Amino acid sequence: MLAARRLTWARVRWENGSVDSYPYIWLRDNCQCPKCYHPVSLARRVLLKDLDLSVNCVDIKLSNTGEEVEMLWTDGHQGTYDAHWLHERAFRGPKPAPHDREFRLKQQLWGREMQDKLPRISFPDIIHDDHSLLNFLESLEVMGVVLVSDVPCEIDQIYSFAKRIGHLRPTHYGETFNVYSRMDPNNLAYTGDSLDMHTDLPCLATKPEIQMLHVIKQFIGEGGDTMITDGFHAASKFKKNNPEYFDTLANTLIEFVDRGH
Ligand SMILES: [Zn+2]
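Since we're looking at a predicted model, the values are computed, not measured.

*Asks:* Where do I start with the overall build of the chain in this structure?
*Replies:* Looking only at helices and strands, the chain has eight helices and ten strands in total. With respect to the three principal axes, the spread of C-alpha positions in the chain is 80 × 50 × 40 Å. Within the chain, the fraction of its 261 residues that count as buried is 25%. Relative to all contacts within the chain whose residues are 6 or more apart in sequence, the contacts with residues 24 or more apart total 51%.

Okay, here's the thing in structure tokens:
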């Protein structure tokens, strides 16, 4: 890596010949030295009000056999920048954030062809085996749904499951809620009626990210089946076939209100 001064930008030439430029003010603002960036809590310490907008670079040089750039500033401060850190943050136009680029898995859209092929993992495996837990989480990220089998038919099991993957976020229904037919239903879910396809709680500011449904007692007889579908698949098909209608739906403000409770 070669580094050179150029007006108010630092130009960095990489081993493969490509060049990236970094504004001085950005470099000073994002100095990674322990005075400017807390090495343990991984948080910046430079306050915006203390940043001198006219700061300039006095000296710039490579160190640690090209693995680092050292910069001396007009305010007397000296900062060191790691090559990998700089490379990750190069200004090259829009691109996915590093987390999305490196860790996020690609969603798989699915339709009826997946009817009997949805990922299925056993509850005891998820609880006791880290590999199965990872398999569950990755399948959920890719497919949006995973069938968990062999869960004991007891109400509290949902807590052990939730604890294994994160924590429960309460809503106005509480941390969990039970769905069964009631005499005085205040929500269609508490009736014996069939529910149409829907997304739960889109009216919330922080919408549910993962929803867990635990079948404890299956209705014997006609009905009571669970239906699931891939909303992203439906939306992408709809967008492709009816772009104008999709646009209208996507850009028309609608008030979502949950009148039941
Ligand atoms: Zn610093």
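*Asks:* What's the story with the environment of R104 in this structure? I'm lost.
*Replies:* Structurally, R104 can be placed in the loop between α3 (98–102) and β9 (120–122). In this structure the C-alpha to C-alpha distance between R104 and T191, which are 87 residues apart in sequence, comes to 39 Å.

*Asks:* Is there a simple way to think about unusual backbone geometry in this case?
*Replies:* The bulk of non-glycine residues show a negative phi, and the bulk of peptide bonds are trans. The phi torsion at L42 lies on the positive side, around 50°, for a residue other than glycine. Overall, L42 belongs to the exposed group, its relative accessible area being 57%. Even without a glycine there, the phi angle at T65 is positive, about 45°. Note that T65 resides in the loop between β6 (57–63) and β7 (68–73).

*Asks:* Would you mind showing me how to read helix α6 (residues 157–165) here?
*Replies:* Residue pairs three or four apart in sequence face the same way in an α-helix, which turns once every 3.6 residues. All buried positions along α6 are accounted for by Q157, I158, F161 and A162. Angularly, the buried residues of α6 cover 135° about the axis, an arc narrow enough to put them on a single face. Of the surrounding elements, those touching the buried residues of α6 are α4 (123–128), α5 (130–143) and β10 (147–149).

*Asks:* How should the pattern of salt bridges be read in this particular structure?
*Replies:* Working definition: two side chains of opposite charge can pair if their charged atoms are close together. All chains considered together, the criterion is met by seven salt bridges. A salt bridge links D29 to R44, with the nearest nitrogen and oxygen atoms 2.8 Å apart. With a gap of 15 residues between them, D29 in helix α1 (residues 24–29) and R44 in strand β5 (residues 43–44) connect regions that are remote in the sequence. With a relative accessible area of 17%, D29 lands in the buried category. Since its relative accessible area comes to 39%, R44 is described here as partly exposed. D130 is the partner of R164 in a salt bridge, and the nearest nitrogen-oxygen pair spans 2.8 Å. Of this pair, R164 sits in helix α6 while D130 sits in helix α5, and the two are 34 residues apart along the sequence. Overall, the relative accessible area of 24% leaves R164 in the partly exposed class. Using a relative accessible area of 55% as the deciding quantity, one classes D130 as exposed.

Conventions and cut-offs
- Residues numbered from 1 in each chain as written.
- Predicted model: local features only at pLDDT ≥ 70, side-chain atom pairs only at ≥ 80, totals over all residues.
- Heavy atoms only, no water.
- Helix = DSSP H or I, 4+ residues; strand = E, 2+ residues; numbered from the N terminus.
- Buried < 20%, exposed > 50% of the residue type's maximum accessible area, 1.4 Å probe, protein only.
- Contact = heavy atoms within 4.5 Å.
- Arc of directions from axis to C-beta.
- Salt bridge = Lys/Arg side-chain N within 4 Å of Asp/Glu carboxyl O.

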